[in-house]
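The primary structure of each chain is shown beneath.
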Amino acid sequence: MNEIDLLRELRAGLPGPRPETESAARAALVWRVESLSAPARRRQWLPTSRGVRIAAIGFALAVIAAVVSVTGVAGRGETETALARVLNQVADVASEQQSQSPGPHQFLYTRSRSAYLSTVAFAPGCEERPCEASEEWSVLVPRRNESWVPFDGFRFGRVRSVTGKPEFVSEVQRAAWVAAGSPPLARAGQVEDSTLTGGVPLDGEDLPTDPAALRRLVEAREIPGVEGPPGEAETFVLIGDMLRHAYLPASVRAALYEATAELPGVELLGAVEDPAGRPGTGIAYADRKRGVRHELILDPETSALLGERDSLIRSGAHGFEGTTIGYAAYLEEKVVDSVGAGAPRGAAATMPVVRCYDRASLSAGVTVTRGNEPILTCQMKWPGEAPNLVPCGREGSKVTSVFPGSSPAVCRRLGLQLRP
Amino acid sequence: MIPDSEVISASATAPAEFAAVFDRHFGAIHGYLQRRLGRDLADELASQTFLVAFDSRSRYDHSRADARPWLFGIATNVAHRHHRQEQRQLRAYERNAVDPILDPFDGVEERADASNLRRRLVGALAGLPGEERDTLLLYAWAELSYPEIADALGIPVGTVRSRLSRARARLREPLGIDGAEAEHEPISSDGGKS
């Protein structure tokens, strides 16, 4: 018996992964795949796990100086008043805009530029020993995005993105990367064009036009498609997600601006440029828990949301104050009749609907989405928890209803059949 | 079966295709990480391995039909942050004759049944430089061939050969295995795809 045989006996026969481990890992992967296919969503820019670290290097944005000058001169009460005045003026402009009312067979087309942090390389030396923070490079990977999202719940959409040249968050990191022999980063110019299986555009006709009522619905996360973790910071981000959409009724967009004026903790940044270099007015919410400032840039003349930017609000292990860790510029939005030329096979095809219920009751909270794999689709609604789920439906129907539970009896009780 | 390389190619335009790579290889990757670091860390790192793989799928070398070397390479990289933990666990095993990565609730007897030989082996494994331990365990536990290990770690095959022979020598000494005798053992896995 030689040393390799002995080694092969060591820790041999360990049990395989537990089924829940495997399904959680698979759900995490599917979640990542889906988040790539979905239109750029603000909260996906942030590092999700311990993965991303940025070397601590000085890097300050002009926009931070703007924050300091506004809040530094004005007292707190004065700032809030100025904020409310600006937002209420924008709300007035919004209420006079013409909105398009999409038909069920149309698509919402959007064109944007965005970037988020991605850890893409390791120093060769770190293959031999634990990596130091300075040996991992986080780069902003810019993308030009287009998406076509169907207004009915039954068809695929399309999402196309072109990867740009990765941007280092600091010169020092760039120099470290060069010193390490410039290992490959994200490939610039790569085109991804795929069918979209994300959510349905917001139905503006269903939303209240009273700012307080609208804010309560957002805070309770009770609007289908406007979902996210709890917290004021997320509420600010979700309102930003809704404001992006010019197709929403003018009265709803006006109410969103008025509701933003009333949110605690929102600051006025004054005149700033959006990530595409267009002038606008900035408002921001500092999420102290995560150390990130969320910034929205709007155009007071048209009430359009021009863009967003996330930056670090304090220096620390993740980098210096002001470092931009994600941004988006919304360049175009319109209602169109098709998914455009050169679409991948399957875009615009109809697909089954999945309804994910919070409880084993047809009157419980429900998320409607599309997908061929009901259980996986609904598991993504509860990432990490991976509850037992039961798929039910009516014969011949394209709709599958998925309920939490461990027994097929739930389908019978609700007058449905178990789906294979 | 469609080769992994074609699945990964397809995932450039249809990302959901990548799930097939997960379904084929999750068990093996988890098993390797679990053997090195225990179940809890393996649960986390195996998941992370496939997220990193998905994010870097555009850099996959499509001339490689089998994705295992690539995935084991990523898993090895992801596990690097835990080298010290691995070393501590091996040292504890050597010292106490009890393997700390095994679940205390099953197979207690087996846990305590560590022969002197095995303790010396574990001690020698803990003492290996990280690069040699990676190479050795990709060979002995992940069962990769020399060229596959070279792919996984991004190093020349010759380096694999020299690291492996150094590592084996470092294990043989405390085990009292005669080097000359061991040399008769063919170091055979040069074959396969290259």
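Each value, and the rule that gives it
- Note on numbering: residues in each chain are counted from 1, in written sequence order.
- Each chain takes a letter, starting from A, and each ligand takes a number, starting from 1, following the order in which they are written.
- Thresholds applied to this predicted model are a pLDDT of at least 70 for local features of residues and 80 or more for the giving and counting of side-chain atom pairs; totals over whole chains, interfaces and linings are not thresholded and use all residues.
- Labels follow the DSSP assignment, with helices taken as runs of H or I lasting at least four residues and strands as runs of E lasting at least two, numbered in each case from the N terminus.
- Buried means a residue has 20 or more other C-beta atoms within 10 Å of its own C-beta, exposed means 12 or fewer, and partly exposed covers the counts in between; C-beta atoms are placed from the backbone.
- Placing C-beta atoms from the backbone, we regard two residues as in contact once those atoms come within 7 Å.
- Each residue after the first adds 1.5 Å to the expected span of a helix.
- As used here, the arc is the angular range of directions from the helix axis to the C-beta atoms.
- The predictor's confidence in any single residue is recorded as pLDDT, a number from 0 to 100.
- Geometry is summarised by axes, namely lines fitted to C-alpha atoms with helices restricted to the contacting stretch, and by angles between N-to-C directions that run from 0 to 180 degrees.
- Working rule for angles: under 35 degrees goes down as roughly parallel, over 145 as roughly antiparallel, 65 to 115 as roughly perpendicular, anything else as oblique.
- Think of it as three bins: nonpolar holds Ala, Val, Leu, Ile, Met, Phe, Trp, Tyr, Cys and Pro, charged holds Asp, Glu, Lys and Arg, and polar takes everything else, Gly as well.
- Each crossing gets its handedness from the near helix: less than a right angle anticlockwise from the far helix is left-handed, clockwise is right-handed.
- DSSP-based pairing: two strands are paired if at least 2 bridges between them are found.
- Each nonpolar core consists of buried Ala, Val, Leu, Ile, Met, Phe, Trp, Tyr and Cys residues. Their C-beta atoms, within 7 Å, join them into a set.

### Regarding the overall build of chain B
- When you go through chain B residue by residue, the secondary structure sums to 11 helices and zero strands.
- By the burial criterion, 40% of the 194 residues in chain B qualify as buried.

### Focus on the overall build of chain A
- Counting its regular elements, chain A contains 10 helices and 15 strands.
- Within chain A, buried positions represent 42% of all 420 residues.
- Look at the contacts in chain A between residues 6 or more apart in sequence, and 65% of them connect residues 24 or more apart.

### What about helix α10 (residues 157-175) of chain B?
- The terminal C-alpha atoms of α10 of chain B lie 27 Å apart, and with 19 residues this matches the ideal 27 Å at 1.5 Å per residue to within 8%.
- Burial in α10 of chain B covers these residues: V160, R163, L164, A167, R168 and L171 of chain B. Down the axis of α10 of chain B, the buried side of the element spans an arc of 130°, and every buried residue falls inside it.
- Of the surrounding elements, those touching the buried residues of α10 of chain B are α1 (3-9) of chain A together with α7 (116-127), α8 (130-140) and α9 (146-153) of chain B.
- Of the residues one or two after α10 of chain B, G176 of chain B is the one with positive phi, at around 70°.

### A few points about helix α6 (residues 211-219) of chain A
Residue and element names in this part refer to chain A.
- Looking only at α6, the buried set comprises L214, R215 and V218. The buried residues of α6 occupy one face: seen down the axis, they fall within an arc of 100°.
- Phi for R221, located one or two positions after α6, is positive at around 55°.

### A look at the interface of chain B and chain A
- Facing 44 residues of chain B, the contacting portion of chain A comprises 37 residues.
- Mapped by element, the contributors of at least two residues to the side of chain B that touches chain A are α1 (4-13), α2 (19-37), α3 (39-55), α5 (83-96), α7, α8 and α10 of chain B.

### Brief notes about the confidence of the model for chain A
- Chain-level statistics for chain A give a pLDDT mean of 77 and a share of 78% at 70 or above.
- Residue range residues 38-78 of chain A is modelled with pLDDT below 50. Its contacts to residues more than four positions away, or to other chains, number 87 contacts.

### Describing the confidence of the model for chain B
Residue and element names in this part refer to chain B.
- Taken as a whole, chain B shows an average pLDDT of 82; of its residues, 85% reach a score of 70 or greater.
- Under a pLDDT of 50 for its full length, residues 105-112 has, in the predicted model, six contacts with residues more than four places off or in other chains.
- Within the model, pLDDT remains below 50 along residues 181-194, and this stretch shows 13 contacts once partners closer than five positions in the same chain are excluded.
- This complex was scored by the predictor with a pTM of 0.51 and an ipTM of 0.86.

### Structural notes on the packing of α8 of chain B against α10 of chain B
Residue and element names in this part refer to chain B.
- For the pair α8 and α10, interaxial distance at closest approach is 9 Å and the crossing angle is 95°. By the angle between their directions, the pair α8 and α10 is classed as roughly perpendicular. Residues E131, E132, T135, L136 and Y139 of α8 touch α10, and the partners they reach there are V160, R163, L164, R166 and A167.
- Residues of the contact of α8 with α10, tallied by class, amount to five nonpolar, one polar and four charged.

### Side note on the packing of helix α4 (residues 68-79) of chain B against α9 of chain B
Residues and elements named next belong to chain B.
- Axis separation between α4 and α9 bottoms out at 7 Å; the angle between their running directions is 50°. Taken together, the axis directions place α4 and α9 in an arrangement best described as oblique. The hand of the α4/α9 crossing is right-handed. Contacts between α4 and α9 pair P69, W70, F72, G73 and T76 from the former with E148, D151, A152 and L153 from the latter.

### Some thoughts on the pairing of strand β9 (residues 305-312) of chain A
Residues and elements named next belong to chain A.
- Burial runs high along β9: eight of the eight residues are buried.
- Across seven bridges, strand β8 (residues 292-298) lies against β9 in antiparallel orientation. Within β9, the position partnered with E295 by the bridge is R309.
- Adjacent in sequence and paired antiparallel, β8 and β9 are bridged by six residues, among which S303 carries a positive phi angle near 70°.
- As paired strands, β9 and strand β10 (residues 324-336) are joined by five bridges and run antiparallel to one another.

### Let's talk about the nonpolar core
- In terms of nonpolar packing, the biggest core is built from 66 residues, with I239, L256 and Y257 of chain A touching the most fellow members.
- Setting aside anything within four residues of it in sequence, one finds I239 of chain A in contact with V218, L256, A259 and T260 of chain A.

### Remarks on unusual backbone geometry
All names here are of chain A.
- The phi dihedral of R221 falls on the positive side, at around 55°, and the residue is not glycine.
- Positionally, R221 belongs in the loop between α6 and α7 (232-243).
- Not every positive phi belongs to a glycine, and S303 is a case in point at roughly 70°.
- Tracing the backbone shows S303 in the loop between β8 and β9.
- With 23 C-beta atoms counted inside 10 Å, the residue S303 sits in the buried group.

### A look at the environment of T195 of chain A
Residues and elements named next belong to chain A.
- Relative to the helices and strands, T195 is located in strand β5 (residues 191-196).
- A residue is classified by how many C-beta atoms lie within 10 Å of it, and T195, with 24 of them, is buried.
- The contact partners of T195, leaving out residues within four places of it in the chain, are F156, R158, P344, G346 and A347.

### Re the environment of V139 of chain A
- Looking at the element boundaries, V139 of chain A is found in strand β2 (residues 136-150).
- Sequence separation of V139 of chain A and L117 of chain A is 22 residues, and the distance between their C-alpha atoms is 5.5 Å.

### Considerations on the environment of A28 of chain B
Residues and elements named next belong to chain B.
- Within the fold, A28 resides in helix α2.
- The class for A28 is partly exposed, based on 17 C-beta atoms found within 10 Å.
- Sequence spacing of A28 and L71 is 43 residues, and the spatial spacing of their C-alpha atoms is 9.7 Å.

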